[in-house]
Amino acid sequence: MRWLRFTFLMVFVAILQSSAAINVFALTDMRIRPNIFLILLVYFAINCDGYNAIITSFAIGFAADIAGAVMGPHIISYGLIGTSVAYVRKIILLKKTNQ
């Protein structure tokens with residue numbers, strides 16, 4: 001994994017997520033916005049190997065905590081979600097390759 005590129009991507013997404021520029025993608029008047037961190041979490045959990053997927057999940061959660069108002073809940077929840085997606089990916093790939 002190229003960690004320097006990943007770090008720059010996380011800094012860019014953290015700035016984008018916390019700025020008003022994300023409101024361009026807002027749906028309806030209730031300002032429903034996409035969570036770019038969650039999209040990146042699923043992408044990296046599926047496309048990386050197990051060890052890197054867990055590290056990136058916790059790093060994305062940390063970046064989401066820095067960009068948000070409260071510190072702590074994102075790193076735990078994103079870490080657990082990323083870990084579970086990485087393990088589910090392993091199970092699905094094992095079933096596909098055995099057939």
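Computed from a prediction, not measured in an experiment: that's the story for all the values here.

A. Structural context of the environment of Leu9. Secondary-structure assignment places Leu9 in helix 1 (residues 3-18). The sequence separation of Leu9 and Leu40 amounts to 31 residues, and the corresponding C-alpha distance is 9.8 Å. Excluding residues that lie within four positions of it along the chain, Leu9 makes contacts with Leu40 and Phe44.

B. Local environment of the nonpolar core. Judged by nonpolar contacts, the single largest core of 17 residues is most densely connected at Met10, Phe37, Leu40, Phe44, Ile60 and Tyr78. Those elements that place two or more of their residues in this core are helix 1, helix 2 (36-47), helix 3 (50-67) and helix 4 (73-98). The biggest single contributor to this core is helix 2, with five residues.

C. Focus on helix 3. Relative to the 26 Å expected for 18 residues at 1.5 Å per residue, helix 3 spans 26 Å between its end C-alpha atoms, a close match to the ideal helical length. Every buried residue of helix 3 is accounted for by Gly50, Asn52, Ala53, Thr56, Ser57, Ile60, Gly61, Ala63, Ala64 and Asp65.

D. Representation of the environment of Arg5 in the model. Secondary-structure assignment places Arg5 in helix 1. The class for Arg5 is exposed, based on a relative accessible area of 59%. Put simply, Arg5 and Val88 are 83 residues apart on the chain and 26 Å apart in space, counted from C-alpha to C-alpha.

E. Molecular detail of the packing of aromatic side chains. With the rule as written, the count across this model stands at three aromatic pairs. Aromatic side chains Trp3 and Phe6 sit 5.7 Å apart centroid to centroid with 90 degrees between the ring planes, which places their arrangement in the edge-to-face category. Linking Trp3 with Phe6, this pair stays in helix 1, spanning three residues, or about one helical turn. The exposure class assigned to Trp3 is partly exposed, which follows from its relative accessible area of 34%. Ring centres of Phe6 and Phe44 lie 5.2 Å apart, and the angle between their planes is 85 degrees; on these two criteria the pair is classed as edge-to-face. With Phe6 in helix 1 and Phe44 in helix 2, the pair connects residues that are 38 residues apart, well separated along the chain. Judged by relative accessible area, Phe44 falls into the buried class, the value being 10%. By way of ring pairs, the aromatic residues Trp3, Phe6, Tyr43 and Phe44 are connected into one cluster.

How each quantity is defined
- Residues numbered from 1 in each chain as written.
- Predicted model: local features only at pLDDT ≥ 70, side-chain atom pairs only at ≥ 80, totals over all residues.
- Heavy atoms only, no water.
- Helix = DSSP H or I, 4+ residues; strand = E, 2+ residues; numbered from the N terminus.
- Contact = heavy atoms within 4.5 Å.
- Core = buried A, V, L, I, M, F, W, Y, C linked by side-chain atoms within 4.5 Å.
- Buried < 20%, exposed > 50% of the residue type's maximum accessible area, 1.4 Å probe, protein only.
- Expected span 1.5 Å × (residues − 1).
- Phe/Tyr/Trp six-rings, centres within 6.5 Å; stacked < 30°, edge-to-face > 60°.

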